[in-house]
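# Structural description and commentary
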2 protein chains.
Amino acid sequence: MIVVRTISQVRQAVADAKADGRAVGLVPTMGALHAGHYSLIEAACERGLFVVVSIFVNPIQFAPTEDLAAYPRTPESDLAGCRDRGVAVVFMPEPSEMYPRPTLTVVDVPQLGQTLCGASRPGHFSGVCTVVTKLLNIVQPDFAFFGAKDFQQATILRRMVEDLNLPTTIVVCPIVREADGLAMSSRNAYLTDAERRQAPALRRSLEMAADLVRRNRPTSGEVVEAILAFLGGESPDGIVDYVEIVDPESLSPVENTSDDILIALAVRFGRARLIDNMRVDAKPGRS
Amino acid sequence: MIVVRTISQVRQAVADAKADGRAVGLVPTMGALHAGHYSLIEAACERGLFVVVSIFVNPIQFAPTEDLAAYPRTPESDLAGCRDRGVAVVFMPEPSEMYPRPTLTVVDVPQLGQTLCGASRPGHFSGVCTVVTKLLNIVQPDFAFFGAKDFQQATILRRMVEDLNLPTTIVVCPIVREADGLAMSSRNAYLTDAERRQAPALRRSLEMAADLVRRNRPTSGEVVEAILAFLGGESPDGIVDYVEIVDPESLSPVENTSDDILIALAVRFGRARLIDNMRVDAKPGRS
């Protein structure tokens, strides 16, 4: 495994691999790698790809009020974890390598990026789209891997790649969870012990809601009310940012839970903002 | 020369050329090819590139009030002109091939795209950036060629390619003019005889202004006044859209004409909106 810091180095490594007939997989990350990230890396390795992992805490996807400076950074264990799993190249650029001057160019999918997490994180998804476009142009991978915890991000990036004819296939891998159901997230490190004990309620509220939907097909409003009541009892220290029932592709709110739906929520515990989601398909067994 | 209509066909042709070790040049056009376009094609051929010309009247860069439906289309002479000059592939997609569904993704350089032509053509440059990103992703050329008549477009696209790390070098070729100085444009076809006789005044006003700048280094305001007075006398049927003195890279207005400057103007004659520009460098002889 090689660790490179410049765009020209990663391009050279990928060009060499392609010249050897290898297909290339990119796993873009912000580091602080956990089992969720490693599941993406393993999925890429299992396909026999030449795997590039990027580790870059992208400043332009953080609002000034957000946790850019505090975002966890664990480069040594990240590199060990990548090496153990057969990664070929880790690309760890400095911000000055990715943004030698401020980007004036913006890539955005406004219709999909202003709801859900975008409503409370203005500019976040344009920052994500812009940096992912840059990474895809730098690495030019055949496949790029993202986790389903960031469902909105994955939906936006899939649409972006399609709209812009980027020559990369987006692969979305299932959410990886702790034993008690909490979705893996680098931001779980922010949780106090008390918050950590309450946080698995997010997942349980989604399971409760999915059961409700499968049994009764209630209105979305009824499902949201049930989740809010559940969280009020089970995670009293969590401040709900949103609970929404949306169409899984358009991300538009839906009222009727008889179609394919996505139940998505965001809850703040202190300085940790946690997200989770669950898809419920119209025909049981399809999802 | 082959003429292809689908993305997969043009990708295959380019992949074959690259496998043969050829470097690829793209000349993106909206058709109605004139000597300006052909100068781009010739510049690409002279570099020994595998030359792809795209001919696509991109609907998303036209406002609803603009001339999308009327835009001149001359496919037969375009193809003959490309064949004569050694073009390898002409890519002529239908709108449904480029936009199988409406693009939700937008690429934009707002800081450079809202002045000059962008002020009177809102959305124009985001439409240009989006389609050029698509074409660059489809063709993946080593070089892409644009004309200096559309100076703002070239400046925006150069910045876009840099910001997004697109693996393509933008080449900007000099303006090609009619014998009487009128810049070549597909929209010159809209001019009546009387308008056509007045239109070369645009270029003459720029030459007059450049002389004035080189001699006296007046304020930008004085230069603009001189151009307006000149056009008022020489092209009385032209309605000035803008006359501006800007920094050639940032496109911001400048007051001091002692630095490198760009003098840019747009004038409407009936339904033809014509643009022209001239660069005047701080040190004579450098430009």
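Residues numbered from 1 in each chain as written. Chains lettered and ligands numbered in written order. Predicted model: local features only at pLDDT ≥ 70, side-chain atom pairs only at ≥ 80, totals over all residues.

## Brief notes about the overall build of chain A
Each helix and strand counted, chain A has 11 helices and 10 strands in total. Taking 19 Å as the expected radius of gyration for a compact globule of 287 residues, we find that chain A reaches 19 Å, a close match to that expectation. Viewed in the frame of its principal axes, chain A has a C-alpha envelope of about 55 × 40 × 40 Å. Expressed as a percentage of its 287 residues, the buried residues of chain A come to 42%. Taking contacts inside chain A between residues at least 6 apart in sequence as the whole, the part at least 24 apart equals 70%. (Helix = DSSP H or I, 4+ residues; strand = E, 2+ residues; numbered from the N terminus. Rg over C-alpha atoms; globule rule 2.2 N^0.38 Å. Buried ≥ 20, exposed ≤ 12 C-beta atoms within 10 Å, placed from the backbone. Contact = placed C-beta atoms within 7 Å.)

## Focus on the nonpolar core
In this structure, A:V51, A:V52, A:I263, B:V51, B:V52 and B:I263 are the most contacted members of the largest nonpolar core, which totals 149 residues. Excluding residues within four positions of it along the chain, B:I263 makes contact with B:L206, B:A209, B:A210, B:V223, B:I245, B:N277, B:M278 and B:V280. (Core = buried A, V, L, I, M, F, W, Y, C linked by C-beta atoms within 7 Å.)

## A closer look at the domain arrangement of chain A
Residue and element names in this part refer to chain A. Along its sequence, chain A is carved into domain 1 (2–173) and domain 2 (186–277). Listed per partner, the contact involves 15 residues of domain 1 and 14 residues of domain 2. Sorting the residues of the side of domain 1 that touches domain 2 by element identifies α6 (117–120) and α8 (151–163) as the ones contributing at least two each. Residue composition of the side of domain 1 that touches domain 2, grouped by class: 8 nonpolar, 5 polar and 2 charged. (Domains from an automatic or database assignment. Nonpolar A, V, L, I, M, F, W, Y, C, P; charged D, E, K, R; others polar.)

## Quick notes on the packing of helix α7 (residues 124–139) of chain B against helix α8 (residues 151–163) of chain B
Residue and element names in this part refer to chain B. At a minimum axis separation of 11 Å, α7 and α8 run at an interaxial angle of 50°. Of the possible angle classes, the one that applies to α7 and α8 is oblique. Once α7 is placed against α8, the crossing between them reads as right-handed. Side by side, α7 and α8 meet where F125, V128, C129 and V132 of the first sit next to Q153, I156, L157 and M160 of the second. Its residues assigned to classes, the contact of α7 with α8 comprises 7 nonpolar, 1 polar and no charged. (Axes fitted to C-alpha atoms, helices over the stretch in contact; angles between N-to-C directions. Parallel < 35°, antiparallel > 145°, perpendicular 65-115°, else oblique. Left-handed = near helix turned anticlockwise from the far one by under 90°.)

## Quick notes on helix α1 (residues 7–19) of chain A
With 13 residues, α1(A) extends 18 Å between its outermost C-alpha atoms, agreeing within 8% with the 18 Å of an ideal straight helix rising 1.5 Å per residue. In the segment just after α1(A), A:G21 is the residue with positive phi, at about 85°. (Expected span 1.5 Å × (residues − 1).)

## Some words on the relation of the copies chain A and chain B
It takes a turn of 180° to lay chain A on chain B, together with a shift of 0.0 Å along the axis; the resulting RMSD is 0.0 Å. On this basis, the relationship between the two copies can be described by a two-fold rotation axis. For chain A, the residue whose C-alpha comes nearest the rotation axis is A:V107, separated from it by 2.3 Å. The share of interface residues of chain A whose copies in chain B are also at the interface is 100%, consistent with both copies meeting through the same surface. (Least-squares fit on C-alpha atoms with pLDDT ≥ 70 in both.)

## Some remarks on the interface of chain A and chain B
The interface of chain A with chain B comprises 22 residues on the first partner and 22 residues on the second. Listed by contribution, the elements that provide at least two residues to the side of chain A that touches chain B are β5 (106–108), α5 (110–113), α7 (124–139) and α8 of chain A. Tallying contributions element by element places α7(A) first for the side of chain A that touches chain B, with 4 residues. For the side of chain A that touches chain B, the per-class residue count stands at 12 nonpolar, 6 polar and 4 charged. Pairing of β5(A) with strand β5 (residues 106–108) of chain B involves 3 bridges; the strand directions are antiparallel. (Pairing = 2+ DSSP bridges.)

## Section: the sheet that holds strand β8 (residues 239–246) of chain B
All names here are of chain B. Taken in spatial order, the 3 strands make up an open sheet running β8-β9-β10, and their pairing is antiparallel. Among the strands making up the open sheet, the edge pair consists of β8 and β10 (272–280). Looking at each pair of strands side by side, their axes are set apart by 10° on average, direction ignored. For strand β9 (residues 261–269) and β10, the ladder comprises 9 bridges, and the chain directions are antiparallel. Looking across to β10, one finds that L265 is bridged to D276. Each of β9 and β10 is contacted by helix α10 (residues 201–216), which is oriented at about 25° to β10, the strand it contacts most. Sheet contacts for helix α11 (residues 220–234): β8 and β9; angle to β8, the most-contacted strand, approximately 155°.

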